[in-house]
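The lines below spell out each chain.
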Amino acid sequence: MGMDHNLPFSIGDVVELLGIKVVRNTGTQLHCRCPFCDDKKAHLNVRVQKNVFRCNRCGKGGGILHLYAAAHDISLNMAYEELCRIYKTDSSLQQKTPSTPAIIQPEMPIASSAVRNNTYSNLLSMLSLGANHRESLLLRGLSGEDIVKLGYKTTPAVRAPKIVTQLLERGCELQGVPGFYCDGDSGRWKLDIRGSGIMLPDRNSNGEIEAIQIRLDKVYKSKFNNLTSVDQYYGTSAACCPHFVGVEDGVESVYLTEGVMKADIAYHLSAELGCPRPFVGLTGVGNINQYLRALEELEKLGVRKIMVAFDMDAAVNDNVRKAKDRVIEAGCDAGFDMTPMTWNPQYKGIDDLLFAVKKKRLSILEERNEY
Ligand SMILES: [Zn+2]
């Protein structure tokens, strides 16, 4: 208990080591006299389990190493070396890759889905969708109403520090939420935006936002990124979930596709066409664990039949075809009725196909009006 993910000593150890006066101990929190300011009371709050501290008077805060480093005015690396020496652990054994110099980034265990949902919902509620992003979604066939309902937002840039402050004021937890990390120098929480684009909430079968995917403006290797703070101090790696949209209690069959955005667009287009279809989007077709989780949840919801609506490049791309075969096999093994779908390969994804149907229908309606 109270041990950091990667460090062989707790913040309680360091408080004791530094001789910081503990005024009150609640078991989970230590209220201490702050050694960094002219604190006469107990403004320094130490969360024992989470291994973090913060002074409500001077604002100093951070993790175990920050506390020790600040007390001795040394670097985080040096704090790490010294503490390892004091607690008689070989610091070289603690480093994951001995060849990289000792910048220590303890990674936080991921917060519960309820915590992530609360923080992400609050985060998205503070942001807006840029005009160019709205335009690009309209071009993919979504209506203005759909776009509002989906809650997609543009990644923040300049306002990021303000956003973090507002989230903290709203009582949101940031620790263990992918995308948030602790700045090594200031000890303040920050939001890690690694590329600009459209933020897409990845919702589980309960409608909770477990992760945020980003449709990148500039595509290098991939069109999508996940909101993550991996490799940052007190950061957390992203963990996407199978994305459920329009999957209500009592549905018998669902459509399986790739990605959050594709599932969202396909669902909304099917609804506009008068026959809403439930969709599950996998955020990585190769991710078998995520798929197995989707199967488990679908079974609980009473779903019997899965229509596999992967992109039509399965016909030409060997890897995609193999992934599709594995999906069908695992689905059958789990007792589902698996039906692979195919369509005119001119339309790559199920969303492209539905959009083509919508356009066709609109053009027929227009012709009728004209004549
Ligand atoms: Zn202070």
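Residues numbered from 1 in each chain as written. Predicted model: local features only at pLDDT ≥ 70, side-chain atom pairs only at ≥ 80, totals over all residues. Heavy atoms only, no water.

Caption draft 1: Representation of the domain arrangement of the protein chain within the structure. We note that the domain assignment places domain 1 (11–94), domain 2 (113–202 + 210–226) and domain 3 (243–370) within the protein chain. Between domain 2 and domain 3, the C-alpha centre-to-centre distance is 25 Å. Contacts between the two partners involve 18 residues from domain 2, matched on the other side by 13 residues from domain 3. Roughly 1400 Å² is buried in total at the junction of domain 2 and domain 3, and carbon and sulfur atoms are behind 55% of that figure. Put simply, domain 2 and domain 3 have two salt bridges between them. One salt bridge in this structure joins Asp351 and Arg140, with 3.0 Å as the shortest N-O distance. Inspection of the domain 2/domain 3 interface yields five residue pairs in polar contact (both at pLDDT 80 or more). Mapped by element, the contributors of at least two residues to the side of domain 2 that touches domain 3 are α6 (131–139), α7 (144–150), β9 (197–203) and β10 (209–216). Among the elements that line the side of domain 2 that touches domain 3, the one with the most residues is β9, at four residues. (Domains from an automatic or database assignment. Contact = heavy atoms within 4.5 Å. Buried area = accessible area lost by both parts, 1.4 Å probe. Salt bridge = Lys/Arg side-chain N within 4 Å of Asp/Glu carboxyl O. Polar contact = N/O pair within 3.5 Å; in protein donor to acceptor, adjacent residues only side chain to side chain. Helix = DSSP H or I, 4+ residues; strand = E, 2+ residues; numbered from the N terminus.)

Caption draft 2: Broad picture of the side chain of Thr119. When you line up the elements, Thr119 lands in helix α5 (residues 113–125). Side-chain polar atoms of Thr119 contact the backbone oxygen of Glu173, separated by 2.6 Å. Beyond its immediate chain neighbours, meaning those up to four positions away, Thr119 contacts Leu167, Cys172, Glu173, Leu174, Val177 and Phe180.

Caption draft 3: The sheet that holds strand β15 (residues 305–308), seen in detail. Read across the sheet, five strands follow the order β12-β14-β13-β15-β16 without closing on themselves; strand pairing throughout is mixed. The sheet is open, and its two edges are formed by β12 (243–245) and β16 (337–340), each paired on a single side. Averaged over all pairs of adjacent strands, the angle between strand axes in this sheet comes to 25°, irrespective of strand direction. Here four bridges tie strand β13 (residues 253–258) to β15, and the two strands are oriented parallel to one another. (Pairing = 2+ DSSP bridges. Axes fitted to C-alpha atoms, helices over the stretch in contact; angles between N-to-C directions.)

Caption draft 4: Examining the coordination of the zinc ion more closely. Within the protein, the zinc ion binds to Cys34 (SG), Cys37 (SG), Cys55 (SG) and Cys58 (SG); these donor distances fall in the range 2.2 to 2.4 Å. The coordination sphere of the zinc ion comprises four donor atoms, whose angles at the metal cover 101 to 119°; the geometry is tetrahedral. Taken in sequence order, the residues that donate to the zinc ion follow the motif C-x2-C-x17-C-x2-C. With a gap of 21 residues between them, Cys37 in the loop between β2 (29–32) and β3 (44–47) and Cys58 in the loop between β4 (52–55) and β5 (61–63) connect regions that are remote in the sequence. (Donors = N, O, S within 2.8 Å, 3.2 Å for Na, K, Ca; no water. Tetrahedral: all angles 85-135°; square planar, octahedral: opposite > 155°, others 65-115°.)

Caption draft 5: Structural context of the sheet that holds β9. The strand order β6-β9-β10-β11 describes an open sheet built from four strands, whose pairing is antiparallel. Both edges of this open sheet fall to β6 (153–154) and β11 (224–226), since each of them pairs with a single strand only. For β6 and β9, the ladder comprises two bridges, and the chain directions are antiparallel. Bridge pairing in β9 links Thr154 to Ile198. Across the sheet, α5 is in contact with β6, β9 and β10; its angle to β10 comes to roughly 45°.

Caption draft 6: Main features of helix α9 (residues 260–272). With 13 residues, α9 ought to run about 18 Å at 1.5 Å a step, and its terminal C-alpha atoms sit 19 Å apart, in line with that. For α9, the buried fraction is high: eleven of the 13 residues fall into the buried class. Burial in α9 covers these residues: Val260, Met261, Lys262, Ala263, Asp264, Ile265, Ala266, Tyr267, His268, Leu269 and Ser270. Of the residues flanking the end of α9, it is Gly274, one or two places downstream, whose phi is positive at about 90°. (Expected span 1.5 Å × (residues − 1). Buried < 20%, exposed > 50% of the residue type's maximum accessible area, 1.4 Å probe, protein only.)

Caption draft 7: Highlighting the pairing of β15. Relative to β16, β15 is paired through four bridges, and the arrangement is parallel. What sits directly across from Lys305, in β16, is Asp337.

Caption draft 8: Highlighting the packing of aromatic side chains. Inspection of every chain in the model, using the stated rule, returns three aromatic pairs. Plain terms: the ring middles of Phe36 and Phe53 are 6.3 Å apart, the flat faces sit at 35° to each other, and that makes the pair tilted. Residue Phe36 is located in the loop between β2 and β3, and its partner Phe53 is located in strand β4; the two are separated by 17 residues in the primary sequence. The ring centre of Phe355 lies 4.3 Å from the NZ or CZ of Lys359, which sits over that ring. (Phe/Tyr/Trp six-rings, centres within 6.5 Å; stacked < 30°, edge-to-face > 60°. Lys NZ or Arg CZ within 6 Å of the ring centre and 35° of its normal.)

Caption draft 9: Quick peek at the state of the cysteines. Counting across every chain of the model gives zero disulfides. With no disulfide partner, Cys32 has as its closest neighbouring cysteine sulfur the one in Cys34, 9.2 Å distant. (Disulfide = S-S within 2.5 Å.)

Caption draft 10: Structural view of the nonpolar core. By size, the foremost hydrophobic cluster in this structure holds 49 residues, and its most contacted members are Leu123 and Phe180. When residues in this core are grouped by element, the largest group, five residues, is from helix α2 (residues 64–72). Per-domain counts for this core show at least three residues from each of domain 1 (11–94) and domain 2 (113–202 + 210–226). If sequence neighbours within four positions are ignored, Phe180 has contacts with Thr119, Leu123, Val164, Leu167, Leu174, Trp189, Lys190, Leu191, Ser229, Tyr234, Gly235 and Thr236. Ranked by size, the runner-up nonpolar core spans 26 residues in total, among them Tyr152, Leu200, Met307 and Met341. (Core = buried A, V, L, I, M, F, W, Y, C linked by side-chain atoms within 4.5 Å.)

Caption draft 11: Representation of the environment of Ser196 in the model. Of note, Ser196 is situated in the loop between β8 (189–191) and β9. Residue classification places Ser196 among the partly exposed residues on the basis of a relative accessible area of 42%. A C-alpha to C-alpha distance of 40 Å links Ser196 and Asp337, two positions 141 residues apart in sequence. Once you skip the residues sitting within four places of it in the chain, Ser196 turns out to touch Thr155, Ile214, Arg215, Leu216 and Asp217.

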